[in-house]
Amino acid sequence: MRLGIVIMAAGKGTRLQSKRAKVLHEIGGKPLLCHVIAAAAKVVPPHDIVTVVGHQAEAVQTAVRNTGVRFVLQDEQRGTGHAIQCAERETREYDEVIVLSGDVPLLRAETIVALRDFHLREKAAMTILTAEPEDPSGYGRVIRRSPGAADVTAIVEQKALLPEQQSVREINSGIYAFQRGALYRHVGQLRADNAHKELYLTDLARLLHDAGERVVAVEAAQPTEVLGANTIAEMMELDRELRLTTARRLMAQGVTIYRPDTVILDAGVEVGPDTVIEPFAQLLGTTQVGSDCRIRSYSVIRNSSIGDHVLILEGCVMEDAQVEKGAQLGPYAHLRPGCHVGEGAKVGNFVEMKKTRLGAGSKAPHLTYLGDAQIGKGTNIGAGTITCNYDGVDKHPTLIGDGVFIGSDSALVAPVVIGDGAYVGAGSVITRDVPADALAIGRAEQITKEGWAKNRRAQREARKGKEKA
Ligand code: UD1
Ligand code: CA
């Protein structure tokens, strides 16, 4: 048996009121369509997945091209039935075809497999995946021949429900398995005689049934996984559901997450056991966090890798960062892309770093900017240190060795090299390289005038005395 999967993703999503194609809207940090493709790709190899694109076809294709799926173009979007007509040629090598909707993103691979197996076991021409959610409004309803029977006589769209069908709570998920021969023998008979003047794929249930073919329905294990996203509000419900699923998965692996409903976790995030995540933290993209870490509230961590025993205090923002074990960051540290914080290193409050390596055990505890800098091991960067890496046209590097001491409020004008073990006096403007083990002071020499303040006070007192007299 050769199985192909068709994903319908050509629709505009009029109900979203958005410029962006519906399937490119994101939940859990990824476009809807990417979730559907990921589930499908666990069931068949990507070249057996045919994605029907139409509205903003190029943007949609670009967004998912790296998955290796195939595409067919539905030039004009004349309904779900028309979308499947467009996929006829591309699916000709298959015996059975599973149809998924690009806007039903929580579907799990296990459920696709259960649908496939039920469909094959029943030797059906069409098998409909259904559910009974709390609120069935907006969905097409599945009319079974009799309650509890597997056989289905029709799918009726919400707007076309007859009075006696209003009470049917079993919804059509928009996900089906077809025997391909039966599908394409009948799909040409669809008519656009309905509220939207579209070709409804759902009408195939009645067409096939009336032609004496077997049409059956199978209920999904969890109703939430077949919920569709037609409005932003519905999408945000699914987003919440997905992030909670991620939180539950991590908690089952030994991660403590306080108030998981407030924590924003993208689907691909990994966290080691005994790490504690506080409320309102965000772990996004491909972020990986080790074990025994603590991530305090309001930190936003994107595409970063964090070792074990790392402490991230409140309000840190980082992207594309690598933080080694035992390091400490924040509160309010900002790691722009390309930073590496070495083992046991410390980046304190209001420290901004960009494309910078801070070596093992080194510290930049307060109020500092380090850009395009390479800093060795065991070095101390005093409060208020600035690497002046930009001359208005080009960026330049700052190289600081091991065991260096940079005094507070120093400006290091790049390109500049500070050798191992060197000292820079506080308040220096360093414009020339400092050799290893040297002391550099680049500031105006201090002038001290003995007794000056006392004399000044005395003069003032004398003046006041005269004025009174
Ligand atoms: C569809 C079903 C409905 C079901 C619901 C489940 C029909 C007529 N109705 O309704 O019974 O309860 O899904 O979520 O099928 N698409 C195309 N080309 C088109 C039109 C749509 O590719 O010409 C794609 C859309 O991008 C979307 C999917 O098909 O991913 C479903 O279309 P949508 O308009 O959302 O259908 P619903 O009204 O939700
Ligand atoms: Ca839909």
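Here's a quick rundown of the structure.

## What to know about the sheet that holds strand β33 (residues 398–400)
Phase 1 of the analysis: If you trace the 9 strands from one edge of the open sheet to the other, you get β14-β17-β20-β23-β26-β28-β30-β33-β36, paired in parallel fashion. Among the strands making up the open sheet, the edge pair consists of β14 (270–271) and β36 (416–418).

## What about the pattern of salt bridges?
Phase 1 of the analysis: Here the structure, examined in full by the defined rule, presents 21 salt bridges.
Phase 2 of the analysis: As a salt-bridge pair, Glu122 and Arg214 come within 2.1 Å of each other at their nearest N and O atoms. Of this pair, Glu122 sits in helix α4 (residues 109–122) while Arg214 sits in the loop between α6 (204–210) and β11 (215–219); the two residues are 92 residues apart in sequence, bridging distant segments of the chain.
Phase 3 of the analysis: Put simply, Asp239 and Arg243 hold a salt bridge, and the shortest N to O gap is 3.0 Å.

## Some words on α4
Phase 1 of the analysis: Taking 1.5 Å of rise per residue, the 14 residues of α4 would be expected to cover 20 Å, and the 20 Å separating its terminal C-alpha atoms lies within 8% of that figure.
Phase 2 of the analysis: Those residues of α4 lying buried are Ala109, Thr111, Ile112, Leu115, Phe118 and His119.
Phase 3 of the analysis: Tucked inside the fold, the buried residues of α4 contact β1 (3–8), α1 (32–40), β6 (96–101), β7 (126–131), β10 (171–179) and β11.
Phase 4 of the analysis: Of the residues one or two after α4, Lys123 is the one with positive phi, at around 50 degrees.

## Thoughts on the coordination of the calcium ion (ligand 2)
Phase 1 of the analysis: Distances from the calcium ion (ligand 2) to its protein donors, Asp103 (OD) and Asn230 (OD1), fall within 2.3 to 2.5 Å. With Asp103 in the loop between β6 and α4 and Asn230 in the loop between β11 and α7 (232–252), this residue pair connects regions lying 127 residues apart in the sequence.
Phase 2 of the analysis: Taking relative accessible area as the criterion, Asp103 reaches 13% and is therefore assigned buried.
Phase 3 of the analysis: By relative accessible area, which is 16% here, Asn230 ends up buried.

## Things to note about the packing of aromatic side chains
Phase 1 of the analysis: Overall, the coordinates contain 4 aromatic pairs when judged by the stated rule.
Phase 2 of the analysis: Between the aromatic rings of Tyr176 and Phe178, the centroid separation amounts to 5.8 Å while the plane-to-plane angle is 40 degrees, which identifies the pairing as tilted. Pair check on accessibility: Tyr176 and Phe178 agree, each one buried.
Phase 3 of the analysis: Across the ring face of Tyr390, the terminal group of Lys395 is positioned such that the distance to the ring centre comes to 5.2 Å.

## Some details on the side chain of Asn172
Phase 1 of the analysis: Within the fold, Asn172 resides in strand β10.
Phase 2 of the analysis: Given a relative accessible area of 6%, Asn172 falls into the buried group.
Phase 3 of the analysis: In terms of polar contacts, Asn172 uses its side chain to reach the backbone amide nitrogen of Gly174, at 2.9 Å.
Phase 4 of the analysis: At 2.9 Å, the side chain of Asn172 and the side chain of Tyr176 are in polar contact.
Phase 5 of the analysis: Here Asn172 is in contact with Ile128, Leu129, Tyr139, Gly140, Val142, Ile155 and Thr202, once residues within four sequence places are set aside.

Conventions adopted
- Residues numbered from 1 in each chain as written.
- Chains lettered and ligands numbered in written order.
- Predicted model: local features only at pLDDT ≥ 70, side-chain atom pairs only at ≥ 80, totals over all residues.
- Heavy atoms only, no water.
- Pairing = 2+ DSSP bridges.
- Helix = DSSP H or I, 4+ residues; strand = E, 2+ residues; numbered from the N terminus.
- Salt bridge = Lys/Arg side-chain N within 4 Å of Asp/Glu carboxyl O.
- Expected span 1.5 Å × (residues − 1).
- Buried < 20%, exposed > 50% of the residue type's maximum accessible area, 1.4 Å probe, protein only.
- Contact = heavy atoms within 4.5 Å.
- Donors = N, O, S within 2.8 Å, 3.2 Å for Na, K, Ca; no water.
- Phe/Tyr/Trp six-rings, centres within 6.5 Å; stacked < 30°, edge-to-face > 60°.
- Lys NZ or Arg CZ within 6 Å of the ring centre and 35° of its normal.
- Polar contact = N/O pair within 3.5 Å; in protein donor to acceptor, adjacent residues only side chain to side chain.

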